[in-house]
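Overview (structure and organization)
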Amino acid sequence: MKKVLYILGELDDRDADWLVRMGRSIDVPDGHTIIREGEPIDSIYFVTGGVFRVTTQASGGEIARIGTGEVLGEISYVDRRPPTATVTALEDGRVLAIPRATLTEKLESDPGFSSRFYKAIATFLADRLRSTLQQVGGEVADDDEGLDLDELHTLSQGGVRFERILRRLQEV
């Protein structure tokens, strides 16, 4: 869930409202694949409900299970390459899909949003890299290690915004 907290913690309230207005809430039935490894995607997805399995051909199976609060497709958005994993619903779920073209237009026309969005992505990718390096080095990753008060505040704000988004999506 840290990804959505990083993103929404860096974005402001107007940005979060924009995501809800411009995104599409999509029900994802059990067993449905929303991202296929190697096939281009046209949206970034915020998981707003359910559990999804992440698999890769290289691993020959499941590499992760993700749930509410995760973000999917952000790496493919940034590097414009096809996804490196397949994501399939393990139960009925729901995502908020932000179309690539809509997000690109916003990033190109709103420098403040662009700065906040890319800072958020850079921050959680740095966090992921640190965690991966700790695991490769044989250390157990401590997700709270090194968090300062500013980062805790950012993550807290992200949580507040995500809760507000979930409430708004339930109203629709």
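For the structure, check the block above.
Everything numeric here is computed off the predicted structure, so don't read it as measured data.

Okay, the overall build of the protein chain next. A tally of helices and strands in the protein chain yields 6 helices and 8 strands. Counting from the amino terminus, helix and strand elements in the protein chain follow one another as α-α-β-β-β-β-β-β-α-β-β-α-α-α. Against the 2.2 N^0.38 benchmark of 16 Å for 172 residues, the protein chain shows a C-alpha radius of gyration of 16 Å, consistent with a compact globule. Structurally, the protein chain occupies a C-alpha span of about 40 × 40 × 30 Å along its principal axes. Across the 172 residues of the protein chain, 44% fall into the buried class.

Looking at the secondary structure, you find T84 in the loop between α3 (74-79) and β7 (86-89). Counting along the chain gives 30 residues from T84 to V54, while the straight-line C-alpha distance between them is 9.9 Å. Ignoring sequence-local partners within four residues, the contact set of T84 consists of E37 and T56.

Let us now look at the side chain of T48. Residue placement: T48 occurs in strand β3 (residues 43-49). Setting aside chain neighbours within four positions, we find T48 in contact with T68, R94, V95, L96, F162, L166 and L169.

What follows concerns the side chain of T86. Examined against the element boundaries, T86 turns out to sit in strand β7. Taking the relative accessible area as the measure of exposure, T86 reaches 16% and is therefore buried. Within the local environment of T86, its side chain forms a polar contact with the backbone nitrogen of E37, the two atoms lying 2.9 Å apart. When sequence neighbours within four positions are dropped, the list of residues in contact with T86 reads T33, I35, R36, E37, R53, V54 and T55.

Relative to the helices and strands, R167 is located in helix α6 (residues 149-171). What makes R167 partly exposed here is its relative accessible area of 47%.

Considering all chains together, one arrives at 11 salt bridges under this definition. Across the salt bridge formed by E62 and R65, the nearest N and O atoms sit 2.9 Å from each other. Taken together, the salt bridges that share partners define one network made up of D12, R14, D15 and R116.

We now examine the sheet that holds strand β8 (residues 93-99). Neighbouring strands of a sheet are bound in pairs by backbone hydrogen bonds; such pairs are parallel or else antiparallel. Strand order in the open sheet formed by 4 strands is β1-β8-β3-β6, with antiparallel pairing between adjacent strands. Among the strands making up the open sheet, the edge pair consists of β1 (24-28) and β6 (71-72). Here β3 runs beside β8; their pairing, made up of 6 bridges, is antiparallel. Bridge assignment links G49 to a residue of β8, and that residue is R94. Each of β1, β3 and β8 touches α6; the most contacted strand, β3, lies at about 85 degrees to it.

Turning our eyes to something else, we now look at helix α5 (residues 111-136). Its 26 residues place the ends of α5 37 Å apart at the C-alpha level, agreeing with the 38 Å of an ideal helix rising 1.5 Å per residue. Tucked into the core, α5 has its buried residues touching α1 (2-10), α2 (13-22), β3, α3 and α4 (100-109).

Reading guide: rules and limits
Residues numbered from 1 in each chain as written. Predicted model: local features only at pLDDT ≥ 70, side-chain atom pairs only at ≥ 80, totals over all residues. Heavy atoms only, no water. Helix = DSSP H or I, 4+ residues; strand = E, 2+ residues; numbered from the N terminus. Rg over C-alpha atoms; globule rule 2.2 N^0.38 Å. Buried < 20%, exposed > 50% of the residue type's maximum accessible area, 1.4 Å probe, protein only. Contact = heavy atoms within 4.5 Å. Polar contact = N/O pair within 3.5 Å; in protein donor to acceptor, adjacent residues only side chain to side chain. Salt bridge = Lys/Arg side-chain N within 4 Å of Asp/Glu carboxyl O. Pairing = 2+ DSSP bridges. Axes fitted to C-alpha atoms, helices over the stretch in contact; angles between N-to-C directions. Expected span 1.5 Å × (residues − 1).

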